[in-house]
Amino acid sequence: DNTQLANYIELAFLRYQINRNWSAKVGRFSTNSYLYTDYRYVGHLLNWVRPSVEMYSTAGALGNMDGLQAAYTLDTDFGAVKLALSYGQSNFTNDVEGGELSIDYSKLTLLNVEFQSTEWRFHAAYIRSTLDDFDTVGLGELRVVESTLPPLFRPFGRELLDNLVPDGNDITYMSLGGQYFFDNLELNAEFFDYNSDWVLAGSAVGGYVSLAYQIENLKPF
């Protein structure tokens, strides 16, 4: 039900700093699944040049999750390394013609690795989840049609439903990105790999590289 309060809450979590290195989080938090996740609402921190919409839209359905997270930060001579492991679930709902589409991402497991120093920043994420409780307009009617087909055509109807309804199938998402500053030079690069057998959200691979150089008040890309 889209009128539920939970559908209007994007982030709501409790974070506890156990000691200097360890922390824990519970509630609804970001999956931090790509390089600029933490800055997506603060546009002035970024250059005007942007990756294509397809770069981040693949992970859009998994932007947030409900669950638990344990994180460890290690200080080194060359910077700081942060490892975070999360487990929980997420739900995606989107309006479609005549109604809505919804699906649950259960057994959602997330691993984040971040490294940051004065000049370098790296980020890697790995997400794995099981698709469940898929529902959309006309799905009930389609199930009825499949059961009423002549026996000769029922295998084709079953195959169509199996491709359309992803319940029980696993999906994986992996991203790797980096940022480098050297004097007036800024280099950004990112890559993602999404694997799914679901026909409505098939597998995809993508990436980008951007280069910017500051010349007084001018910054060409």
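Residues numbered from 1 in each chain as written. Predicted model: local features only at pLDDT ≥ 70, side-chain atom pairs only at ≥ 80, totals over all residues. Heavy atoms only, no water.

Visitor: Just give me the short version of the layout of surface pockets, but keep the residues and values in it.
Guide: Considered as a void within the structure, the second largest pocket measures approximately 380 Å³ in volume. For the second largest pocket, the lining is made up of 18 residues, of which Thr58, Ala61, Tyr105, Leu200 and Ala201 are closest to its centre. Broken down by secondary-structure element, the contributors of at least two residues to the lining of the second largest pocket are β4 (79–96) and β5 (99–116). Broken down by element, the lining of the second largest pocket gets its largest block of residues, three residues, from β4. Split by residue class, the lining of the second largest pocket holds 13 nonpolar, five polar and no charged. (1 Å grid on protein atoms, 1.4 Å probe; cavity = no way out; pocket = protein on both sides within 12 Å on 5 of 7 lines; lining within 4 Å. Points joined across faces, edges and corners; volume = space filled by probe spheres on them. Helix = DSSP H or I, 4+ residues; strand = E, 2+ residues; numbered from the N terminus. Nonpolar A, V, L, I, M, F, W, Y, C, P; charged D, E, K, R; others polar.)

Visitor: Account for the pattern of salt bridges, naming residues and giving values.
Guide: If you walk through the whole model with that rule in mind, you get three salt bridges. Put simply, arginine 20 and aspartate 75 hold a salt bridge, and the shortest N to O gap is 2.7 Å. Residue arginine 20 is located in the loop between β1 (12–17) and β2 (22–30), and its partner aspartate 75 is located in strand β3 (residues 64–76); the two are separated by 55 residues in the primary sequence. (Salt bridge = Lys/Arg side-chain N within 4 Å of Asp/Glu carboxyl O.)

Visitor: Describe the environment of arginine 28, and please don't skip the residues or the numbers.
Guide: Mapped onto the elements, arginine 28 comes out in strand β2. Note: C-alpha distance between arginine 28 and leucine 14 (14 residues apart in sequence) is 8.8 Å. Of note is the side chain of arginine 28, whose polar atom sits 2.6 Å from the backbone oxygen of isoleucine 9. Here the side chain of arginine 28 touches aspartate 66 through a polar contact of 2.7 Å, side chain to side chain. (Polar contact = N/O pair within 3.5 Å; in protein donor to acceptor, adjacent residues only side chain to side chain.)

Visitor: Run through the packing of aromatic side chains, naming residues and quoting values.
Guide: One pass over the full model with this rule turns up eight aromatic pairs. On the basis of an interplanar angle of 40° and a centroid distance of 4.2 Å, the ring pair of tryptophan 120 and tyrosine 180 is categorised as tilted. Taken together, the positions of tryptophan 120 in strand β6 (residues 120–135) and tyrosine 180 in strand β7 (residues 170–182) put the pair 60 residues apart, joining distant regions of the chain. The exposure class of tyrosine 180 is buried, given its relative accessible area of 18%. An aromatic cluster is built from Phe78, Phe115, Trp120, Phe122, Tyr180 and Phe182, whose rings are joined through pairwise contacts. In this arrangement the basic side chain of lysine 25 is found over the ring face of phenylalanine 13, its NZ or CZ atom lying 4.6 Å from the centre. (Phe/Tyr/Trp six-rings, centres within 6.5 Å; stacked < 30°, edge-to-face > 60°. Buried < 20%, exposed > 50% of the residue type's maximum accessible area, 1.4 Å probe, protein only. Lys NZ or Arg CZ within 6 Å of the ring centre and 35° of its normal.)

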